[in-house]
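# Architecture and fold: a report
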Amino acid sequence: MQHAMNPPGHAPASRLKDGPGPGSPEAAALDATWSDPPGLLGWLAAVNHKTIARRFVITTFCFFVAGGALALLMRLQLARPGSKLVGPDLYNQLFTMHGSTMMFLFAVPVMQAVAVYLLPLMLGTRSIAFPRLNAFAYWIFLFGGVMLYVVFALDAGPDVGWFSYVPLAGPDYSPGKRADFWAQMITFTELSAMLEAIVVITTVFKLRAPGMTLNRIPLFVWAMLVTAFMVLFAMPSVMLASTTLIMDRLVGTHFYNPAEGGDVVLWQHLFWFFGHPEVYLIFLPGLGFLSAIIPTFARRPIYGYTAMVLSLIATAFLAFGLWVHHMFAVNLPELGKSFFTAASMLIAIPSAVQIFCWLATLWSGKLDFKTPLLFVLGFFFILVLGGMTGIMLASVPLDLQVHDSYFVVAHLHYVLIGGAVFPLFGAFYYWYPKVTGRLMSERLGRWNFWLFFIGFNVAFFPMHLLGLKGMPRRVYTYQAGLGWDTLNLVSTIGSLIIAVSALLFVVNAVRSLRRGAPAGADPWGAGTLEWATESPPPPCNFHAIPVVHGRDPLWEAPRARAEDEQPAFTHVSGLAADTRELLATTVLDARPDLRVNFPDPTIWPLVSALAVTVLFIGSIFTPWAVVWGSIPIAIALTAWFWPDRAETSVHLSLERKP
Amino acid sequence: MTRRALDVSGLPSYAFSHRSLMWWGTFGLIAIEGTLFALAIGTYLYLRSQSDAWPIGAPPPDLLWGTANTLVLLLSIWPNQKAKWAAEACDLVRTRRWLLVGLAFALIFLVLRCFEFASLHTRWDSNAYGSIVWTLLGLHTVHLLTDTYDTAVLGVLLFTGPMEGQRFVDVSENALYWYFVVFSWLPIYAVIYGVPRLQ
Ligand code: HEM
Ligand SMILES: [Cu+2]
């Protein structure tokens, strides 16, 4: 892109180098280098992590709104007994689409999307690792999600629940293509999640600013790192499950067909081996948000950093041991069940450690009750309730009692919304000024919070009671006079309040884009690196890469300089300004290690994602799509990796052997 | 304010093993695929535990082609290691040569693989046994196909240029991934050919 100024063959020393701060010619060159190319084609070819992340966050939020609209429809149907608003067929699609949207198209990807934006800023680097792969993962996700909604609009939406149990989802009980579209959507989104996990792990291990040793990285980054590792080991399970399901349906394999030696419980094992960790894939980033927000608004470093990191890791390990607690109603050996009950209760310990550390931080801090902190406090309240019902469900006898009742629906929303959506909204308010350069309105923010908090409890608390009174989940209507009428009406009113609150958020976000107060680099007085650069950050994130001396660089920089005999380095210099060059550091102690060249933007990730989409959708109808569809994929991927001569000559001019 | 800069312009522009980003990317891929293989093997054993007779309605697969293939795979470690060493010494001529030899091994393997499918004595749609055996073998074959294609593209790049140091890193990581394909085959081989012969 910007090679014109340096003919190939120039000695490295003569190239334009970074180092000087904003306003310098070097800074201008950096901005030009790291910008996305202009025009429509440039828009499609963009690979800057902030561009991709903005799209990714907006896309996942749209899915959240869509999933919420479906939920509202369900609640309106259930508001009174014998309602005729939607029939059983549509209702089945509604809860399946709602659950699948929230779990696969919103909760996990939104966390990864936020991470794609923040990680390089928090770590002090100019890009996420593998920027093209990152763009590819986004496109795949988009196409998979859109496909699901297109078929839903065509009345071919899946209708077998978000966990698609066989044999219900198998060829005999679910003819047609509904379940196939569900299974393929899983493959799309999991593919995207796994690629993002690789991107996150590589970024965290190799691209940290000098001095940011492993025990100095922000806790949100730790949370995303642990989450990424969980993705690597959890997602293959659901991929295997959905692929074998579609094979059973399309080419006549017999994995889930008991008549030919298959087994339906196999599905449950494969699904929940993923599905339980999935809850923690949503929960751990939420914890990371809290650990970012709390110290800032308590105005002190987090209490018990090491304990926090260890309990994140412990939670991840335990999460894998728990899947069977979703299957207590299945005929399994009793001893096994006791083991899983114990494990389910054990996982409360690391969570308790985290909660203790946050409370200690809050306790000893000077609290500043801004909107992000309100959402954090809402989290505490809701999670305590959700955790309690969780411990109740982890005991086998009680689980059998309330199995498949609204008690479970209540519990899962307390955990998911309390554990993930509240922190996420806090995070939106917290980082909005960084992304847009303007603050959101505090007044609207408070309304947003209180309506959400009240609406949430009004909507979901009655569901506990409904469950205990025997109302089963996944029913499209019920008879009057069972004692369920009032509670259902109350719950629906609560959902409407939530909808108003979500609307207020959108209004606030859109309005503040223009009218919000200018934020400046560090509006909250926070300590982590993303606040060290302008808001919104320049295309290259940092004109001069910072050198880190502590856990909260913005709070500790002066002290570090006073302690050292020699004034410490404050920033890095010597990276090329006119081509995408990055500093890689060593894994443990973040010593400068390499200069790496990143590729320029290109259209090929998009084309590759389109080719993959053709294959996946085609293979719903014929297995030959897998054969013929792989040819365009191979071509697109080859074009993607094919070196550009101009680009290579620039790289060669900077090359230095190890 | 005094600003002291840490000058990094003298650092190398590529490196091997875990110092390179590619290594971490490959590592992630291996973790994912390894988990997938482990789960597929788990599925095989699970289905076996739920069934009275195993293999279902078929004799165990013939040993000949599978074993021949295992030998080819194990032998292919040799050209791959040579290619890896040559790449890490940045020796273009030898890297090219050994990459091609490795590619030849992969192609021989893929041809033998066709015979292997034919000697399973069961089809994917015969019963659950057939389904999982075909899936295991199929999964491994897909990895071979993609890695073979990958190696071929890399080979073309080594001959057509432009040649930069990063290419050597790619060759080194390609060899690492090949080892994964080789070593993941051993448990799959043991399961497909060994388990049906257990009493
Ligand atoms: C925002 C307001 C929300 C409302 C009003 C709502 C409402 C509901 C209702 C009424 C059901 C039960 C359907 C039935 O069993 O008949 C349900 C199921 C479910 N919800 Fe939500 N929900 C909301 C948000 C969320 C969020 C944020 C998530 C996940 C992050 C989520 C995940 C699920 C799941 C997984 C199910 C189970 C679906 C199934 O049984 O297949 N929900 N929701
Ligand atoms: Cu669980």
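Everything quoted here is computed from the prediction, not taken from an experiment. (Residues numbered from 1 in each chain as written. Chains lettered and ligands numbered in written order. Predicted model: local features only at pLDDT ≥ 70, side-chain atom pairs only at ≥ 80, totals over all residues. Heavy atoms only, no water.)

### Remarks on the overall build of chain B
- Counting its regular elements, chain B contains five helices and one strand.
- Along the chain direction, N to C, the helices and strands of chain B fall in the order β-α-α-α-α-α.
- A compact globule built from 199 residues should have a C-alpha radius of gyration of about 16 Å, whereas chain B, at 21 Å, is more than 25% larger.
- Each principal axis of the C-alpha distribution contributes one length, and for chain B these read about 75 × 45 × 25 Å.
- A total of 199 residues make up chain B; the buried ones form 57% of that total.
- Considering only intrachain contacts with a sequence separation of at least 6, the fraction spanning at least 24 residues in chain B is 82%.
- If you sum the accessible surface of chain B, you get close to 8200 Å²; carbon and sulfur atoms cover 70% of it.
- In chain B, the 13 positive side-chain charges and the 13 negative ones have mean positions that sit 7 Å from each other. (Helix = DSSP H or I, 4+ residues; strand = E, 2+ residues; numbered from the N terminus. Rg over C-alpha atoms; globule rule 2.2 N^0.38 Å. Buried < 20%, exposed > 50% of the residue type's maximum accessible area, 1.4 Å probe, protein only. Contact = heavy atoms within 4.5 Å. Areas by Shrake-Rupley, 256 points an atom, 1.4 Å probe, with all protein chains shown as cover. Lys, Arg positive; Asp, Glu negative; His and termini not counted. Charge placed at Lys NZ, Arg CZ, Asp CG, Glu CD.)

### Points about the side chain of Ser-100 of chain A
Residue and element names in this part refer to chain A.
- Mapped onto the elements of the fold, Ser-100 is located in helix α4 (residues 88-123).
- On the accessibility criterion, Ser-100 (0% relative accessible area) is buried.
- In terms of polar contacts, Ser-100 uses its side chain to reach the backbone carbonyl oxygen of Thr-96, at 2.7 Å.
- When sequence neighbours within four positions are dropped, the list of residues in contact with Ser-100 reads Leu-105, Trp-162, Trp-182 and Met-185. (Polar contact = N/O pair within 3.5 Å; in protein donor to acceptor, adjacent residues only side chain to side chain.)

### Section: the confidence of the model for chain B
- Here chain B averages 94 in pLDDT, and 98% of its residues register 70 or above.
- Mean pLDDT values for the elements of chain B range from 89 in strand β1 (residues 5-7) of chain B up to 96 in helix α1 (residues 21-49) of chain B. (pLDDT = per-residue confidence, 0-100.)

### Let's talk about the coordination of the iron atom of ligand 1
Residues and elements named next belong to chain A.
- Here the iron atom of ligand 1 is held by His-98 (NE2) and His-413 (NE2), and the distances to it run 1.9 to 2.0 Å.
- Relative to the metal, the six donor atoms surrounding the iron atom of ligand 1 lie at angles of 87 to 180 degrees, and the coordination shape comes out octahedral. Linking His-98 in helix α4 with His-413 in helix α14 (residues 406-436), this pair joins segments that are 315 residues apart in sequence.
- His-98 gets classed as buried once you look at its relative accessible area, which sits at 13%.
- A relative accessible area of 15% means that His-413 is categorised as buried. (Donors = N, O, S within 2.8 Å, 3.2 Å for Na, K, Ca; no water. Tetrahedral: all angles 85-135°; square planar, octahedral: opposite > 155°, others 65-115°.)

### A few points about the packing of helix α3 (residues 49-78) of chain A against helix α16 (residues 485-515) of chain A
All names here are of chain A.
- The geometry of α3 relative to α16 is characterised by a closest axis approach of 9 Å and an angle of 155 degrees between their N-to-C directions. Taken as axis vectors, α3 and α16 run roughly antiparallel relative to one another. Once α3 is placed against α16, the crossing between them reads as left-handed. Contact residues: α3 offers Phe-61, Leu-72, Arg-75, Leu-76 and Leu-78, while α16 offers Asn-488, Ser-491, Thr-492, Ser-495, Leu-496, Ala-499, Phe-505 and Val-506. (Axes fitted to C-alpha atoms, helices over the stretch in contact; angles between N-to-C directions. Parallel < 35°, antiparallel > 145°, perpendicular 65-115°, else oblique. Left-handed = near helix turned anticlockwise from the far one by under 90°.)

### Some points on the pattern of salt bridges
Residues and elements named next belong to chain A.
- The full count for this structure, using the stated rule, is 18 salt bridges over all chains.
- Between Glu-442 and Arg-446 there is a salt bridge, and its shortest N-O distance comes to 3.4 Å. Highlighted residues: Glu-442 and Arg-446, both in helix α15 (residues 442-468), separated by four residues, approximately one helical turn.
- Using a relative accessible area of 24% as the deciding quantity, one classes Glu-442 as partly exposed.
- In this structure, a network of salt bridges that share partners links the residues Asp-155, Asp-159 and Arg-178. (Salt bridge = Lys/Arg side-chain N within 4 Å of Asp/Glu carboxyl O.)

### Topic: helix α5 (residues 165-194) of chain B
All names here are of chain B.
- The terminal C-alpha atoms of α5 lie 44 Å apart, and with 30 residues this matches the ideal 44 Å at 1.5 Å per residue to within 8%.
- Approximately 25 degrees is the largest bend angle found in α5, and it occurs at Leu-186, with the proline Pro-187 only one to four residues beyond.
- In terms of residue burial, α5 counts as a mostly covered element, since 23 of its 30 residues are buried. (Expected span 1.5 Å × (residues − 1). Bend = angle between axes of the 7 residues up to and from the residue.)

### What to know about the interface of chain B and chain A
- Between chain B and chain A, the residue contacts involve 56 residues of the former and 66 residues of the latter.
- When chain B packs against chain A, close to 5300 Å² is buried across both sides, 67% of that on carbon and sulfur atoms.
- Looking only at chain B, the three residues that lose the most surface to chain A are Arg-4, Leu-6 and Leu-21 of chain B, adding up to 14% of its buried area.
- Here chain B and chain A share one salt bridge between them.
- Between the two partners, chain B and chain A, sit 18 residue pairs in polar contact (both at pLDDT 80 or more).
- Listing elements by their share of the side of chain B that touches chain A, those giving two or more residues are β1, α1, α4 (128-160) and α5 of chain B.
- Ranked by residue count, the leading element in the side of chain B that touches chain A is α1 of chain B, at 16 residues.
- Classifying every residue of the side of chain B that touches chain A gives 32 nonpolar, 17 polar and seven charged.
- Across three bridges, the pairing between strand β1 (residues 571-573) of chain A and β1 of chain B is parallel. Its bridge partner lying in β1 of chain B, Ser-573 of chain A is registered against Asp-7 of chain B. (Buried area = accessible area lost by both parts, 1.4 Å probe. Nonpolar A, V, L, I, M, F, W, Y, C, P; charged D, E, K, R; others polar. Pairing = 2+ DSSP bridges.)

### Overview of the packing of aromatic side chains
Residue and element names in this part refer to chain A.
- Scanning the model with the defined rule gives 84 aromatic pairs over all chains in all.
- Ring plane angle 35 degrees and centroid distance 5.8 Å describe the contact between Phe-63 and Tyr-149, whose orientation is recorded as tilted. Taken together, the positions of Phe-63 in helix α3 and Tyr-149 in helix α5 (residues 131-153) put the pair 86 residues apart, joining distant regions of the chain.
- Classification of Phe-63 as buried rests on a relative accessible area of 8%.
- Of the residues examined, Tyr-149 reaches a relative accessible area of 18% and is grouped as buried.
- Between Trp-358 and Phe-380, the aromatic rings sit 6.0 Å apart at their centres with planes inclined by 70 degrees, giving edge-to-face as the arrangement. Of the two residues, Trp-358 sits in helix α11 (residues 348-364) while Phe-380 sits in helix α12 (residues 371-393), which places them 22 residues apart along the sequence.
- Residue class for Phe-380 comes out buried when judged on its relative accessible area of 12%.
- Residue placement shows Arg-551 over the ring face of Tyr-305; its charged tip is 3.8 Å from the ring centre. (Phe/Tyr/Trp six-rings, centres within 6.5 Å; stacked < 30°, edge-to-face > 60°. Lys NZ or Arg CZ within 6 Å of the ring centre and 35° of its normal.)

### So, the side chain of Asn-448 of chain A
Residues and elements named next belong to chain A.
- Mapped onto the elements of the fold, Asn-448 is located in helix α15.
- Of the polar contacts made by the side chain of Asn-448, one reaches the side chain of Ser-501; its length is 2.9 Å.
- Those residues in contact with Asn-448 that lie beyond four places of it in its chain are Phe-375, Phe-425, Tyr-429, Ser-501, Leu-504 and Phe-505.

### Looking at the site of ligand 1
Residue and element names in this part refer to chain A.
- Near ligand 1, the surroundings consist of 22 residues, among which Tyr-91, His-98, Trp-162, His-413 and Arg-474 are the closest.
- Tyr-406 has a polar side-chain atom sitting 3.3 Å from an oxygen atom of ligand 1.
- At 2.7 Å, a backbone N or O of Arg-474 approaches an oxygen atom of ligand 1.
- Counting only elements with at least two residues in the shell around ligand 1, the list comes to α3, α4 and α14.
- Among the elements that take part in the shell around ligand 1, α14 stands out by supplying seven residues, more than any other.
- Broken down by class, the residue content of the shell around ligand 1 amounts to 14 nonpolar, five polar and three charged. (Near = heavy atom within 4 Å.)

### Here we look at the environment of Leu-219 of chain A
Residue and element names in this part refer to chain A.
- Assignment of secondary structure puts Leu-219 in helix α7 (residues 219-250).
- With relative accessibility at 7%, the residue Leu-219 sits in the buried group.
- Here the alpha-carbon distance between Leu-219 and Thr-389, two residues 170 residues apart in the chain, equals 28 Å.
- Not counting residues up to four positions away in its chain, the partners in contact with Leu-219 are Gly-288, Ser-291, Ile-302, Tyr-305, Met-308, Val-309 and Leu-312.

### Some details on a nonpolar patch on the surface
Residues and elements named next belong to chain A.
- Taken together, the side chains of Trp-624, Val-626, Val-627, Trp-628, Ile-631 and Ile-635 make up a nonpolar region of the molecular surface, amounting to roughly 650 Å² of accessible area.
- In this structure, Val-627 sits in helix α19 (residues 624-641).
- With relative accessibility at 41%, the residue Val-627 sits in the partly exposed group. (Patch = residues over 30% accessible without salt bridge, like charges linked within 9 Å, V, L, I, M, F, W, Y side chains within 5 Å.)

### A word on the nonpolar core
- Phe-271 and Phe-422 of chain A are the most contacted members of the largest nonpolar core, which has 262 residues in total.
- Ranked by residues supplied to this core, first place goes to α4 of chain A with 23 residues.
- Leaving out residues up to four positions away in the same chain, Phe-422 of chain A has contacts with Phe-375, Gly-378, Phe-379, Ile-382, Ile-417, Phe-449, Phe-452, Phe-453 and Phe-456 of chain A.
- Counting twelve residues, the second-largest nonpolar core is a separate cluster that includes Phe-16, Ala-83, Ala-87 and Cys-90 of chain B. (Core = buried A, V, L, I, M, F, W, Y, C linked by side-chain atoms within 4.5 Å.)

### What to know about the pairing of strand β3 (residues 592-597) of chain A
All names here are of chain A.
- For strand β2 (residues 581-585) and β3, the ladder comprises five bridges, and the chain directions are antiparallel. Looking at β3, one finds that Ala-584 is bridged to Leu-594.
- As consecutive antiparallel partners, β2 and β3 are separated by six residues, and within that stretch Ala-590 has a phi angle of approximately 55 degrees, a positive value.

### Let's talk about the environment of Ala-576 of chain A
Residue and element names in this part refer to chain A.
- Note that Ala-576 resides in the loop between β1 and β2.
- Placed 559 residues apart in sequence, Ala-576 and Lys-17 show a C-alpha to C-alpha distance of 4.5 Å.
- Those residues in contact with Ala-576 that sit more than four places away from it in its chain are Leu-16, Lys-17, Leu-30, Glu-581 and Leu-654.

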